[in-house]
Amino acid sequence: MKFFVDTANLSQIKEANDLGVLDGVTTNPSLMAKEGIKGRDNIMAHYKAICDLVDGDISAEVIATDFNGMISEGKELAKIDDKIVVKVPMIKDGVMALKWFSSNGIKTNCTLIFSAGQAILAAKAGATYMSPFIGRIDDMSWDGMELIGQIAHIYGTQGYETEILAASIRNPLHIVKAAEMGADVCTCPLSSILGLLYHPLTDIGLANFLADHEKVNR
Ligand code: G3P
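All figures in this text were calculated on a predicted structure; none of them were measured in a lab.

Trainee: Describe the layout of surface pockets, listing the residues and the values that go with them.
Mentor: Within this model, the largest pocket holds a volume of roughly 320 Å³. Forming the walls of the largest pocket are 22 residues, and the residues nearest its centre are Asp 6, Asn 28, Leu 31, Arg 136 and Pro 189. Examining the composition of the lining of the largest pocket, we find that three residues originate from one element, helix α2 (residues 29-34), more than from any other. Counted by class, the lining of the largest pocket contains seven nonpolar, nine polar and six charged residues. There is about 220 Å³ of room inside the second largest pocket. For the second largest pocket, the full set of lining residues is Pro 29, Met 32, Ile 37, Arg 40, Ile 43, Met 44, Tyr 47, Glu 61, Ile 63, Glu 73, Glu 76 and Leu 77. Sort the elements by how many residues they give to the lining of the second largest pocket and helix α3 (residues 40-53) lands first, with four residues.

Put into structure tokens, the structure is as follows:
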């Protein structure tokens, strides 16, 4: 399973990249706004800065919600760098845009997926990735992981090539479960990736090893 970091914060992206296990980055308009990035030129420059930091796919989301707007915005985004993946919402014009981008060699990430039906449409339209929002489903007391498993089963049975990108990850257990359920990619906050590191028995074991070494080497 590939690891993407889900943020537009350059220092967090760098920290995740320095860990050596990062395969890409996802952003969305909320994450860009959180970093105070505004205005077309600044937004484009920020995507370029992310591309320069990370060797992997970088999702940049369109703001337009009509077919023609999404195509012209997506073409502009794709010109920034070969790493750019145009992120398109799961709406009717979005499906049409996914098909256009896939027929014209532009990578895509279909976002805001909450059902298996939407996942089938994204695959049929040729999306490179499609993003089911696990945490937001769990927030409604439904089971986000069940959806990942259902989509993985359908994609396997049908031979769809679209990659399942588990998104809206809230904790390290979500990452483990997404891997178990067959997600191809998990996009996570840096805190959830770092959360995978910790186990008290690791800390206790290491302290004991170092103490034993010290006893005979002082
Ligand atoms: O990038 C899309 C997704 O990961 C958003 O997550 O935490 O806002 O539900 P969240």
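Trainee: Account for the site of the ligand, with residues named and values stated.
Mentor: Around the ligand, the surrounding shell consists of Asp 6, Asn 28, Lys 87, Phe 133, Arg 136, Ala 167, Ser 168 and Arg 170. Here Asn 28 contributes a side-chain N or O atom positioned 3.1 Å from an oxygen atom of the ligand. A distance of 3.3 Å is found between an oxygen atom of the ligand and a side-chain nitrogen or oxygen belonging to Lys 87. For the ligand, whose unbound accessible area comes to 310 Å², protein coverage reaches 82%. Because more than half of its atoms lie within 2 Å of the grid, the ligand is assigned to the largest pocket. Per-class residue counts for the shell around the ligand are two nonpolar, two polar and four charged.

Trainee: Explain a nonpolar patch on the surface to me, and be specific about the residues and the numbers.
Mentor: There is a patch of nonpolar side chains on the surface, built from Leu 173, Val 176 and Leu 196 and spanning about 250 Å² of accessible area. Secondary-structure assignment places Val 176 in helix α9 (residues 172-181). By relative accessible area, Val 176 is classed as partly exposed at 42%.

Trainee: Account for the pairing of strand β5 (residues 108-113), naming residues and giving values.
Mentor: Within β5, five of the six residues are buried, leaving the element largely enclosed by the surrounding structure. Sheet analysis places strand β4 (residues 84-89) next to β5, joined by four bridges and oriented parallel. Within β5, the residue paired with Pro 89 across the bridge is Thr 111. Taken together, β4, helix α5 (residues 92-103) and β5 constitute a β-α-β crossover, and its handedness is right-handed.

Trainee: Report on the environment of Glu 214, specifying residues and quantitative values.
Mentor: Position of Glu 214 among the secondary structure elements: in helix α11 (residues 200-217). Judged by its relative accessible area of 45%, Glu 214 is partly exposed. Counting along the chain gives 127 residues from Glu 214 to Lys 87, while the straight-line C-alpha distance between them is 54 Å.

Trainee: Give a detailed account of the nonpolar core, specifying residues and quantitative values.
Mentor: Within the largest apolar cluster, 60 residues are counted, with the highest numbers of intra-cluster contacts made by Leu 77, Ile 84 and Met 130. Among all residues touching Ile 84, those that are not within four sequence positions of it are Tyr 47, Cys 51, Ile 58, Ala 60, Leu 77, Ala 78 and Lys 107. Ranked by size, the runner-up nonpolar core spans seven residues in total, among them Phe 4, Val 85, Ala 167 and Val 185.

Trainee: Quick rundown of the sheet that holds β4? Include the residues and the values.
Mentor: What links the strands of a sheet is backbone hydrogen bonding, and the strands pair in either a parallel or an antiparallel sense. Overall, parallel pairing links the eight strands, which are arranged β1-β2-β3-β4-β5-β6-β7-β8 in a closed barrel. Averaged over neighbouring strand pairs, the angle between their axes works out to 30° when direction is ignored. Pairing of strand β2 (residues 24-26) with strand β3 (residues 57-61) involves three bridges; the strand directions are parallel. Bridging from a neighbouring strand, Gly 24 pairs with Asp 57 of β3.

Trainee: Tell me about the side chain of Thr 7, and please be specific about residues and values.
Mentor: Its place among the elements puts Thr 7 in the loop between β1 (2-6) and α1 (10-18). Residue classification places Thr 7 among the buried positions, given a relative accessible area of 6%. A distance of 2.9 Å separates a polar side-chain atom of Thr 7 from the backbone nitrogen of Asn 9. Here Thr 7 is in contact with Gln 12, Ile 13, Val 25, Thr 26, Thr 27 and Leu 31, once residues within four sequence places are set aside.

Cut-offs and rules
- Residues numbered from 1 in each chain as written.
- Predicted model: local features only at pLDDT ≥ 70, side-chain atom pairs only at ≥ 80, totals over all residues.
- Heavy atoms only, no water.
- 1 Å grid on protein atoms, 1.4 Å probe; cavity = no way out; pocket = protein on both sides within 12 Å on 5 of 7 lines; lining within 4 Å.
- Points joined across faces, edges and corners; volume = space filled by probe spheres on them.
- Helix = DSSP H or I, 4+ residues; strand = E, 2+ residues; numbered from the N terminus.
- Nonpolar A, V, L, I, M, F, W, Y, C, P; charged D, E, K, R; others polar.
- Near = heavy atom within 4 Å.
- Polar contact = N/O pair within 3.5 Å; in protein donor to acceptor, adjacent residues only side chain to side chain.
- Areas by Shrake-Rupley, 256 points an atom, 1.4 Å probe, with all protein chains shown as cover.
- Sits in = over half its atoms within 2 Å of the grid points.
- Patch = residues over 30% accessible without salt bridge, like charges linked within 9 Å, V, L, I, M, F, W, Y side chains within 5 Å.
- Salt bridge = Lys/Arg side-chain N within 4 Å of Asp/Glu carboxyl O.
- Buried < 20%, exposed > 50% of the residue type's maximum accessible area, 1.4 Å probe, protein only.
- Pairing = 2+ DSSP bridges.
- Right-handed = clockwise from strand over helix to strand, strands pointing away.
- Core = buried A, V, L, I, M, F, W, Y, C linked by side-chain atoms within 4.5 Å.
- Contact = heavy atoms within 4.5 Å.
- Axes fitted to C-alpha atoms, helices over the stretch in contact; angles between N-to-C directions.

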